[in-house]
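Okay, here's what each chain looks like letter by letter:
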Amino acid sequence: MTRGNLLEPPETMLPEDSDAQAELDRGDDPADVAARHPTFSAAWARLAELALESESPVAAYAYARTGYHRGLDALRKAGWKGFGPVPWHHRPNQGVLRSVAMLAKAARDIGEDEEYQRCSQLLADSDPASLEANGL
């Protein structure tokens, strides 16, 4: 599905990691999930969220950066060329999008305004719905 531009690349839809997602869904410690499934961005995003909740923005930044890089690797493997839609509604995409959002928030908290802007723009370009869904 395109968003009105026929020249826009197709949406990138990451494959599901049902084992890792099931572990998070049942309440496993996200650190354990990340250790068992280090390429699963949603575990890193959750760790970043927890660190932000406990007012540890440097730890959040590190967790989010890991999820961001793992997510970019997964997106590229799925055919993403560094631009184009990455729909929020597709649950497997949410881990990387949440990681980008947590990286933006942690960057803002430590005064790294350029990184905050860059991450916010990446979310807007990927799917504007991801901004609202992540409180940005």
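Please refer to the structure placed before this passage.
Reference entry: report on the structure contained in this document. What you see is a predicted model; the values in this text were computed from it and never measured.

Contact geometry of helix α3 (residues 41–53) with helix α4 (residues 57–77) gives a least axis separation of 8 Å together with a crossing angle of 165°. Between α3 and α4, the interaxial angle falls into the category roughly antiparallel. Crossing hand, α3 versus α4: left-handed. On α4, the residues touching Ser 41, Trp 44, Leu 47, Ala 48, Ala 51 and Leu 52 of α3 are Pro 57, Ala 59, Ala 60, Tyr 63, Ala 64, Thr 66, Gly 67, Arg 70 and Gly 71. Among the residues forming the contact of α3 with α4, the class breakdown is 10 nonpolar, 4 polar and 1 charged.

Our focus in this paragraph is the pattern of salt bridges. Under the defined criterion, the tally for this structure stands at 11 salt bridges. With its nearest N and O atoms 2.9 Å apart, the salt bridge here joins Arg 98 to Glu 49. Linking Arg 98 in helix α5 (residues 91–109) with Glu 49 in helix α3, this pair joins segments that are 49 residues apart in sequence. Across the pair, exposure class does not vary: Arg 98 and Glu 49 are buried alike.

Our next topic: the packing of aromatic side chains. Under the counting rule described, the total for this entry stands at 1 aromatic pair. Ring geometry for Trp 44 and Tyr 63: centres 6.3 Å apart, planes at 35°, overall tilted. Taken together, the residues Trp 44 in helix α3 and Tyr 63 in helix α4 connect sequence positions 19 residues apart.

Here is what the cut-offs are and how they apply
- Residues numbered from 1 in each chain as written.
- Predicted model: local features only at pLDDT ≥ 70, side-chain atom pairs only at ≥ 80, totals over all residues.
- Heavy atoms only, no water.
- Axes fitted to C-alpha atoms, helices over the stretch in contact; angles between N-to-C directions.
- Helix = DSSP H or I, 4+ residues; strand = E, 2+ residues; numbered from the N terminus.
- Parallel < 35°, antiparallel > 145°, perpendicular 65-115°, else oblique.
- Left-handed = near helix turned anticlockwise from the far one by under 90°.
- Contact = heavy atoms within 4.5 Å.
- Nonpolar A, V, L, I, M, F, W, Y, C, P; charged D, E, K, R; others polar.
- Salt bridge = Lys/Arg side-chain N within 4 Å of Asp/Glu carboxyl O.
- Buried < 20%, exposed > 50% of the residue type's maximum accessible area, 1.4 Å probe, protein only.
- Phe/Tyr/Trp six-rings, centres within 6.5 Å; stacked < 30°, edge-to-face > 60°.

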